[in-house]
Amino acid sequence: MKPVNRNELRLLVFVICLISFGTRQLSAEEPQSDSLRSRFPVPVKVDTEAGQTDGLPNRVQNPSSGMWYALVPAGTYTIGSDQVWDSKKIQVQLSPYYISETCVTRSQLGPELWKSLQQGDWLKTEEYAQTQQFPDELQAKFRLLDFMMTFEGEQGLWGGMLDLNPELTRAFDDDFQEFLNMPLNSENVEEEKEPTLEEMIQAIRLTARQKQTITRVKEAVATQLNHPQRGPAPYDRASFDNAVTYAEWKGVDLPTEAQWEVAAQLAAADKLKVDQMVGKHWEYCSDYYAYDYFQRDDDFKDPAGPRKAKWSREQLEQEKKAEPASSFGLFNWLSRVSVKILVLRGGCISGREYYPSKTRSSADSEKPHRIRLVINPRQKS
């Protein structure tokens, strides 16, 4: 074997280093450094070509969702409008935050929802652990029961994401109702003592037809959620619960009303590269709605909204009149008022809307409801 002389070796090392350096320079996605890791609540990748502001990268990605986020630097911003009756022009001081460049899409939501459907919450964690010790046949039965109960509870909450064909919908509804009306098989359960979880699962009956239907539903939903509509189309039928749930899955937050409006202003001025925030759709904020929130005197440092929702007397009367007449109408109306009235933004930069509302026009009610997210870096220690 011919020996390599020193000059050839130096040249080889130089070429390898040059290739490595060039490859590194071309990569726009870099894992966060140790110094940044403590600032972020979730692991992120950094777009190195986007630069930094005040020591924070200008653009990061949450790898678990694939979503990119743009930095809104810390500063004092003017939000609100004196032309909007429940608003007022004020100054807010905001810490740095990242806002998602796009809203959540069906393809981003699908796999996470499928994962959640397989981890139903109708049993406690320790009880789920017990099921791993069941005989294989009982475990299979439990998985069908688990999916059936979870799907029944979730299908009404995820508009459009859990749709089945009409025939399968009817089959599931019929079999689920039949399941609810079935007597327990108590032959193996002693009446004098508390049955174990295994005995309770054994006592629950599932007919061959029910097993077949649940299996078909499970397969249909798995196909639908693991291969949802592709492309950048946002998920347009989100509820507030959907928005909160997805944010929790990803370890991030919904924007506060102030964060949303500042980002919308910067985007309108072409100072922030995010997709359309103002237009014919609504986006959820994390704040409770209070008609007089902007009227109070405050320094508005990272405002997160009022602690309690509040309607004006006029809004209250309008909502009361809009409630359908029924024996439970007043109760439903009071329950909704006392639990949560939340902020929706998107009609215009400073205009405020609230959810839920019976008084919004049908056109406003039918607007797409979307999920935009923020990452709030921790303050420097």
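Just so it is clear, the structure is predicted and the values come from calculations on it, not from any experiment. (Residues numbered from 1 in each chain as written. Predicted model: local features only at pLDDT ≥ 70, side-chain atom pairs only at ≥ 80, totals over all residues. Heavy atoms only, no water.)

Enquirer: Teacher, can you tell me more about the confidence of the model for the protein here?
Expert: Overall, the prediction assigns the protein a mean pLDDT of 85, with 83% of residues at 70 or greater. Low confidence marks residues 1–28, where pLDDT is under 50. Its contacts with residues over four positions away, or in another chain, come to nine contacts. (pLDDT = per-residue confidence, 0-100. Contact = heavy atoms within 4.5 Å.)

Enquirer: Would you mind showing me how to read the packing of helix α5 (residues 136–154) against helix α8 (residues 208–226) here?
Expert: Helix-helix packing is described using two parameters, namely the angle between the two axes and the distance between the axes. Close contact between α5 and α8 brings their axes to 10 Å; oriented N to C, the two are set at 65 degrees. At the point where α5 passes α8, the crossing takes the left-handed sense. Note on element contacts: α8 touches α5 through Lys211, Ile214, Thr215, Val217, Lys218 and Val221, opposite Arg143, Leu144, Phe147, Met148 and Phe151. (Axes fitted to C-alpha atoms, helices over the stretch in contact; angles between N-to-C directions. Helix = DSSP H or I, 4+ residues; strand = E, 2+ residues; numbered from the N terminus. Left-handed = near helix turned anticlockwise from the far one by under 90°.)

Enquirer: Hey, could you run me through the sheet that holds strand β12 (residues 353–355) in this one?
Expert: Hydrogen bonding along the main chain pairs the strands of a sheet, whether they run parallel or antiparallel. Taken in spatial order, the four strands line up as β12-β11-β10-β13 in an open sheet, and their pairing is mixed. Looking at strand neighbours, the two that pair on one side only are β12 and β13 (369–370), the edges of this open sheet. As judged from the three bridges shared by strand β11 (residues 342–345) and β12, these two strands associate in the antiparallel manner. Within the sheet, the bridge partner assigned to Leu344 lies in β12 and is Glu353. (Pairing = 2+ DSSP bridges.)

Enquirer: Where do I start with the nonpolar core in this structure?
Expert: Where a protein is soluble and globular, its nonpolar side chains tend to be buried together. With 57 residues, the main nonpolar core has Val221 and Leu373 as its most contacted residues. Take this core: its biggest share by element is seven residues, from α5. Beyond its immediate stretch of four places on either side in the chain, Val221 contacts Trp114, Leu117, Phe147, Phe151, Leu162 and Leu164. With 30 residues, the next largest nonpolar core counts Ala70, Ile79, Phe300 and Trp311 among its residues. (Core = buried A, V, L, I, M, F, W, Y, C linked by side-chain atoms within 4.5 Å. Buried < 20%, exposed > 50% of the residue type's maximum accessible area, 1.4 Å probe, protein only.)

Enquirer: Help me understand the packing of aromatic side chains, please; the structure alone is not making it clear to me.
Expert: Enumeration over the complete set of coordinates arrives at 15 aromatic pairs. Their ring planes at 15 degrees and their centres at 5.8 Å tell us that Phe147 and Phe151 sit as a pair that is stacked. One end of the pair, Phe147, and the other, Phe151, are both in helix α5, four residues apart, so they sit about a helical turn from each other. You can call Phe147 buried: its relative accessible area is 2%. Aromatic ring contacts, followed pair by pair, group Trp114, Phe147, Phe151, Phe172, Phe176 and Phe179 into a single cluster. Looking at Arg59, its charged tip hangs above the ring of Trp68, at a distance of 4.0 Å from the centre. Seen from the ring of Trp282, Lys367 lies directly overhead, with NZ or CZ sitting 4.2 Å from the centre. (Phe/Tyr/Trp six-rings, centres within 6.5 Å; stacked < 30°, edge-to-face > 60°. Lys NZ or Arg CZ within 6 Å of the ring centre and 35° of its normal.)

Enquirer: Teacher, can you tell me more about the pairing of strand β9 (residues 97–100) here?
Expert: Successive side chains on a regular strand alternate, one facing one side of the sheet and the next facing the other. Neither face of β9 is exposed, since Tyr97 and Ile99 on one face and Tyr98 and Ser100 on the opposite face are all buried. Strand direction decides the pairing type here: strand β6 (residues 67–72) and β9, joined by four bridges, are antiparallel. Looking at β9, one finds that Tyr69 is bridged to Ser100.

Enquirer: Teacher, can you tell me more about the side chain of Arg372 here?
Expert: Take Arg372: it is sitting in the loop between β13 and β14 (374–375). Within polar-contact distance, the side chain of Arg372 engages the side chain of Glu283 at 2.7 Å. (Polar contact = N/O pair within 3.5 Å; in protein donor to acceptor, adjacent residues only side chain to side chain.)

Enquirer: Is there a simple way to explain the pattern of salt bridges in this structure?
Expert: Two side chains carrying opposite charge are able to pair once their charged atoms lie near each other. Scanning the entire structure with this criterion turns up 18 salt bridges. Two residues, Arg370 and Asp236, come together in a salt bridge whose shortest N-O distance is 2.6 Å. Of the two residues, Arg370 sits in strand β13 while Asp236 sits in the loop between α8 and α9 (240–250), which places them 134 residues apart along the sequence. When salt bridges with common partners are traced through the structure, they connect Glu257, Glu261, Arg345 and Arg352 into a single cluster. (Salt bridge = Lys/Arg side-chain N within 4 Å of Asp/Glu carboxyl O.)

Enquirer: Just checking my understanding: could you explain α9 for this structure?
Expert: Because an α-helix packs 3.6 residues into every turn, residues spaced three or four apart end up facing the same way. Within the span of α9, buried status applies to Phe240, Asn242, Ala243, Tyr246, Ala247 and Lys250. The arc that holds the buried residues of α9, viewed along the axis, is 160 degrees, so those residues lie on one side. Check the buried side of α9 and you find it contacts β5 (59–62), α3 (106–117), β10 (282–288), β11 and β12. Downstream of α9 by one or two residues, Gly251 has phi in the positive range, about 75 degrees. (Arc of directions from axis to C-beta.)

Enquirer: Can you walk me through the environment of Ile204 in this structure?
Expert: Inspection of the secondary structure assignment puts Ile204 in the loop between α7 (197–203) and α8. Among the residues examined, Ile204 registers a relative accessible area of 18% and is labelled buried. Distance from Ile204 to Leu145, taken between C-alpha atoms, is 9.0 Å for residues 59 residues apart in sequence.

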